[in-house]
Amino acid sequence: MDYQVNRKGYYGEFGGAYIPEMMVPNIQELESQYLEIMHSYDFRQEFIGLMKNYVGRPSPLYFAKRLSEKYQSNIFLKREDLNHTGSHKINNTIGQILVAKKLGKTRIIAETGAGQHGLATATVCALMGLKCIVYMGAVDVERQAPNVKKMRMLGAEVISAVSGNKTLKDATNEAMRDWINNPVDTYYIIGSVVGPHPYPDMVARFQSVISEEIRWQLEEQIGRENPDRIIACVGGGSNAAGAFYHFLNQEGVELIGVEAAGKGIDTKETAATITLGTPGVLHSSRSILMQTEDGQITEPYSISAGLDYPGIGPFHANLFATRRATYLWATDAEVLDAALELTRLEGIIPALESAHALAVLPKIKLKPEEITVINLSGRGDKDMETYLNHFGY
Amino acid sequence: MYNRINKLFQGKGKNILSVYFTAGYPKLNDTKTIIQELVKNGVDLIEIGMPFSDPVADGPVIQHSSLVALQNGMSIRELFRQLEDIRQSVDIPLILMGYINPVLQYGVDQFCQKCREIGIDGLIIPDLPLSVYEEEYKSIFEANNLHNIFLITPQTSDERLRTIDEASSGFIYMVSSNSTTGAKTGISELQKNYFERINAFGLKNPRLIGFGISNNETFRNACQYAQGAIIGSAFVNALEVDSPLDEKISHFIESIAKDI
């Protein structure tokens with residue numbers, strides 16, 4: 001089965017480009033050139049060089065001995081938290097900033113939830129000397145203050161989005177409006193596998209380095225390329241897309257995405273899109289979203305700003321519909337426990353987003369001989385205030 | 001396809017004034033009154049906005065009216081209920097404008113049938129792409145005698161202009177500048193070049209200019225380059241004033257259309 005995007009920009013029945021006419025020239029320009037640019041020799045050279053010497057790739061694949069003992073199985077952590085800027089987001093922004101340069105754009109815009117994508121975008125803009133504007137929900141500006149300060153130090157303008165619930169969805173709306181109003185010189189670096197085609201495919205390709213490395217690292221460490229399962233957290237779904245990518249056609253590898261259940265899937269304060277959502281169109285692609293019967297988008301909630309989103313990338317909607325991947329959920333409370341557990345067992349403080357992937361370990365029956373890889377997508381520096389408030393250190 | 005939209009352009013043909021408002025704003029049940037007052041004041045065509053939670057093509061004014069309308073309890077079902085007998089008192093063309101997701105959730109087939117029952121003449125759905133429309137929904141629109149109104153912008157290529165002209169049947173919505181609604185006012189030299197380029201292009205469909213049309217001067221200007229113009233944000237803004245609905249509307253339309 002083919003789980004990749006088709007020629008028309010769809011993953012099964014999901015995807016497409018539901019864009020207003022004002023965005024058509026920019027999307028058509030990108031759609032007609034992104035693959036050619038990504039495959040060009042110049043681009044590959046520059047991209048690979050930066051990934052190695054600037055980002056610090058390959059990121060380690062670490063056998064978590066004490067965590068494995070606790071769950072009586074074999075658990076590896078893919079250490080995306082050790083990348084420059086502290087998460088997997090930099091893989092995508094390095095790629096897209098090079099695309100933007102090839103297209104001759106001089107002004108970069110981005111949306112951000114936890115601030116990790118905003119930070120990764122501000123970083124590559126500083127690196128390339130390009131003007132950077134980051135839209136961030138007003139609530140997130142508050143709860144992820146350290147990242148806001150970093151972005152500003154890097155020279156980016158952080159604009160607070162004050163519509164809706166003032167989180168990631170609203171930041172994305174504002175970024176799209178900016179692009180409509182600035183159609184000529186501006187490039188929009190979308191941070192997840194969402195938005196109109198070709199974004200989901202392009203972002204998944206840039207993040208696919210994660211699974212590409214897992215394969216040879218596992219081979220090197222234990223003599224087999226395939227684990228029994230991969231677990232990754234899912235908001236829009238970019239780190240999960242990257243971690244699943246090279247295993248999509250390895251049917252023996254179980255793929256598990258973990259959504260943010262917030263205060264519980266039976267409450268209104270949740271962001272468990274696949275668990276609770278229905279098909280519809282948000283941010284220019286057809287996918288699964290949380291919405292009312294009238295088609296109005298429901299305001300999501302999660303303790304983790306990066307997963308606080310009412311939609312999911314069409315890549316994942318299709319993996320769910322075809323049953324290739326399974327989507328579980330974890331509540332705020334479970335996530336905090338899991339974060340503390342990893343901190344105490346392995347000496348690694350994870351991002352709240354990544355802790356969702358850890359939080360399902362007690363819910364899955366792990367066999368002693370099995371190999372599980374968890375994508376540790378980001379580090380917890382930005383979440384210290386939340387952790388300290390909760391644990392009271 | 002032939003309906004009230006075609007009749008308007010064949011009959012009047014110039015200085016056409018089209019007005020947009022968001023259904024359910026300022027009050028849930030203002031819809032019918034607003035339509036009737038607009039007709040009374042000589043408006044030629046009305047675009048009834050269906051509010052959406054995430055209107056990415058709209059600026060702050062219509063974002064705000066949409067939010068208030070939804071908080072007031074507006075929905076597609078409610079709107080259809082309010083418009084049920086509108087054709088007993090209103091003869092001018094009526095268009096529904098909104099985003100694709102609420103229409104998808106209602107069901108495109110049922111939505112279009114309901115539009116025909118009520119007497120709606122056309123739809124403007126900015127985030128329904130031309131290709132998807134042609135492949136999936138064109139036959140449904142046509143079966144219900146509904147024109148799908150497409151947008152063009154200063155950045156629309158010649159090739160795409162031809163495709164859009166070919167796919168259009170009522171009129172073409174000519175976005176005056178690349179922007180969200182209500183973002184810019186006035187008409188610059190650059191825009192005049194664009195209007196003249198389009199005039200010279202020889203499109204088979206008539207055009208209305210929208211976005212940035214907010215007063216007598218901009219309306220007058222736009223009418224020189226197209227069959228008429230559309231006013232949205234400026235009208236929605238005028239509805240905020242604290243005076244009776246009929247006064248607000250007559251005052252506003254008078255200010256726009258005087259001596260035209």
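Remember, it's a predicted structure, so these values are computed and weren't measured experimentally.

Visitor: Would you take a moment to explain the overall build of chain B for this structure?
Guide: A count of helices and strands for chain B gives 12 helices and 9 strands. The C-alpha atoms of chain B give a radius of gyration of 17 Å, which matches the 18 Å a tight globule of 260 residues would have. Counting only C-alpha atoms and orienting by the principal axes, one finds that chain B spans roughly 45 × 40 × 35 Å. Within chain B, residue pairs in contact and separated by at least 24 positions form 74% of the contacts whose partners lie at least 6 positions apart. Accessible area of chain B: about 10,100 Å², with a carbon and sulfur share of 45%. Each charge sign in chain B was given a centre, from 23 positive and 31 negative side chains, and these centres are 4 Å apart.

Visitor: Would you mind going over empty space enclosed by the protein with me for this structure?
Guide: Take a probe with the size of a water molecule and roll it over the atoms, and the empty space left behind shows itself. Tallying each qualifying case throughout the model produces 6 cavities of 30 Å³ or more. Computed from the structure, the largest cavity encloses a volume of approximately 340 Å³. Every residue lining the largest cavity is counted, 31 residues in all, and those nearest its centre are A:H88, A:K89, A:S238, A:G306 and A:E353. For the lining of the largest cavity, the elements supplying multiple residues, two or more each, are strand 5 (107–112), helix 5 (116–128), helix 8 (168–181), helix 11 (238–244) and helix 15 (352–359) of chain A. When grouped by side-chain class, the residues that make up the lining of the largest cavity number 8 nonpolar, 19 polar and 4 charged. Computed from the structure, the second largest cavity encloses a volume of approximately 80 Å³. Lining the second largest cavity are A:Y18, A:N173, A:V281, A:L282, A:H283, A:S284, B:F52, B:D54, B:V56 and B:D127.

Visitor: Whenever I open this one, the interface of chain A and chain B confuses me. Can you help?
Guide: Interface extent is often summarised as the accessible area lost during association of the parts. If you look at the interface, chain A gives 33 residues, while chain B gives 36 residues. Summing both sides of the interface, chain A and chain B together bury roughly 2,700 Å²; the carbon and sulfur share of this comes to 51%. Considering only the surface of chain A that becomes buried against chain B, A:E21, A:M22 and A:R177 emerge as the three largest contributors, covering 24% of it. Counting every contact that joins chain A to chain B gives 3 salt bridges. On the surface where chain A and chain B come into contact, there are 18 residue pairs in polar contact (both at pLDDT 80 or more). Mapped by element, the contributors of at least two residues to the side of chain A that touches chain B are helix 1 (24–39), helix 8 and strand 11 (278–282) of chain A. Ranked by residue count, the leading element in the side of chain A that touches chain B is helix 8 of chain A, at 7 residues. For the side of chain A that touches chain B, the residue count by class is 17 nonpolar, 9 polar and 7 charged.

Visitor: I keep staring at the sheet that holds strand 4 (residues 122–124) of chain B and nothing clicks. Help me out?
Guide: In a beta sheet, neighbouring strands pair by backbone hydrogen bonds and run either parallel or antiparallel. The 9 strands lie next to each other as 5-4-3-2-1-9-8-7-6 (chain B), forming an open sheet whose pairing is parallel. Across the chains shown, the open sheet's two edge strands, defined by having one partner strand only, are strand 5 (147–148) and strand 6 (151–152) of chain B.

Visitor: Help me understand the packing of aromatic side chains in this model?
Guide: Each aromatic ring pair is described using two quantities: the centre-to-centre distance and the angle formed by the ring planes. In this structure the tally under the stated criterion is 23 aromatic pairs over all chains. Each ring, one from A:W179 and one from A:Y188, has its centre 5.9 Å from the other, and the planes form 75°; the classification is edge-to-face. With relative accessibility at 0%, the residue A:Y188 sits in the buried group. With a centroid separation of 4.9 Å and an interplanar angle of 75°, the aromatic rings of B:Y133 and B:F141 are classed as edge-to-face. As far as the burial class goes, B:Y133 and B:F141 line up, both buried. In this structure, A:K263 packs its charged tip against the face of A:Y301, placed 5.1 Å from the ring centre. Sitting over the face of the ring of A:W329, A:K363 holds its NZ or CZ atom 4.3 Å from the ring centroid.

Visitor: I keep staring at the packing of helix 2 (residues 41–55) of chain A against helix 5 of chain A and nothing clicks. Help me out?
Guide: Between two packed helices, the angle of one axis relative to the other and the distance separating the axes together describe the packing. Residues and elements named next belong to chain A. The interhelical angle for the contact between helix 2 and helix 5, taken along N-to-C directions, is 110°, at an axis separation of 14 Å. In this view, helix 2 runs roughly perpendicular relative to helix 5, as classed from their interaxial angle. Here helix 2 and helix 5 pass one another in a crossing that is right-handed. Counting all contacts with helix 2, which are made through E46, L50 and Y54, the residues of helix 5 involved are T123, L127 and M128.

Visitor: Can you help me understand the pattern of salt bridges in this one?
Guide: All names here are of chain A. The final tally for this structure, using the stated rule, is 38 salt bridges over all chains. The closest approach of N and O atoms between K169 and E299, which form a salt bridge, is 3.2 Å. Residue K169 is found in helix 8, and its partner E299 is found in the loop between strand 12 (285–289) and helix 13 (314–321); the two are separated by 130 residues along the sequence. Classification of K169 by relative accessible area gives buried; the value is 1%. Residues participating in the shared-partner salt-bridge network are R57, K78, E80 and E213.

Visitor: Sorry, what's going on with the nonpolar core here?
Guide: Note on soluble globular proteins: their nonpolar side chains tend to be buried together. Of all hydrophobic cores here, the largest spans 193 residues; its most connected members are B:L96 and B:F111. The residues touching B:F111, leaving out its near neighbours within four places in the chain, are B:M50, B:I76, B:F80, B:L96, B:V103, B:Y106 and B:L123. With 29 residues, the next largest nonpolar core counts A:I303, A:L352, A:L358 and A:Y387 among its residues.

Visitor: Please explain the side chain of B:T156 as it appears in this structure.
Guide: Considering the arrangement of structural elements, one finds B:T156 in the loop between strand 6 and helix 8 (158–167). Here B:T153 takes part through its backbone nitrogen, which lies 2.8 Å from a polar atom of the side chain of B:T156. Excluding its chain neighbours within four sequence positions, the residues that come into contact with B:T156 are A:E21, B:L161, B:I164 and B:R197.

Definitions and limits used
Residues numbered from 1 in each chain as written. Chains lettered and ligands numbered in written order. Predicted model: local features only at pLDDT ≥ 70, side-chain atom pairs only at ≥ 80, totals over all residues. Heavy atoms only, no water. Helix = DSSP H or I, 4+ residues; strand = E, 2+ residues; numbered from the N terminus. Rg over C-alpha atoms; globule rule 2.2 N^0.38 Å. Contact = heavy atoms within 4.5 Å. Areas by Shrake-Rupley, 256 points an atom, 1.4 Å probe, with all protein chains shown as cover. Lys, Arg positive; Asp, Glu negative; His and termini not counted. Charge placed at Lys NZ, Arg CZ, Asp CG, Glu CD. 1 Å grid on protein atoms, 1.4 Å probe; cavity = no way out; pocket = protein on both sides within 12 Å on 5 of 7 lines; lining within 4 Å. Points joined across faces, edges and corners; volume = space filled by probe spheres on them. Nonpolar A, V, L, I, M, F, W, Y, C, P; charged D, E, K, R; others polar. Buried area = accessible area lost by both parts, 1.4 Å probe. Salt bridge = Lys/Arg side-chain N within 4 Å of Asp/Glu carboxyl O. Polar contact = N/O pair within 3.5 Å; in protein donor to acceptor, adjacent residues only side chain to side chain. Pairing = 2+ DSSP bridges. Phe/Tyr/Trp six-rings, centres within 6.5 Å; stacked < 30°, edge-to-face > 60°. Buried < 20%, exposed > 50% of the residue type's maximum accessible area, 1.4 Å probe, protein only. Lys NZ or Arg CZ within 6 Å of the ring centre and 35° of its normal. Axes fitted to C-alpha atoms, helices over the stretch in contact; angles between N-to-C directions. Parallel < 35°, antiparallel > 145°, perpendicular 65-115°, else oblique. Left-handed = near helix turned anticlockwise from the far one by under 90°. Core = buried A, V, L, I, M, F, W, Y, C linked by side-chain atoms within 4.5 Å.

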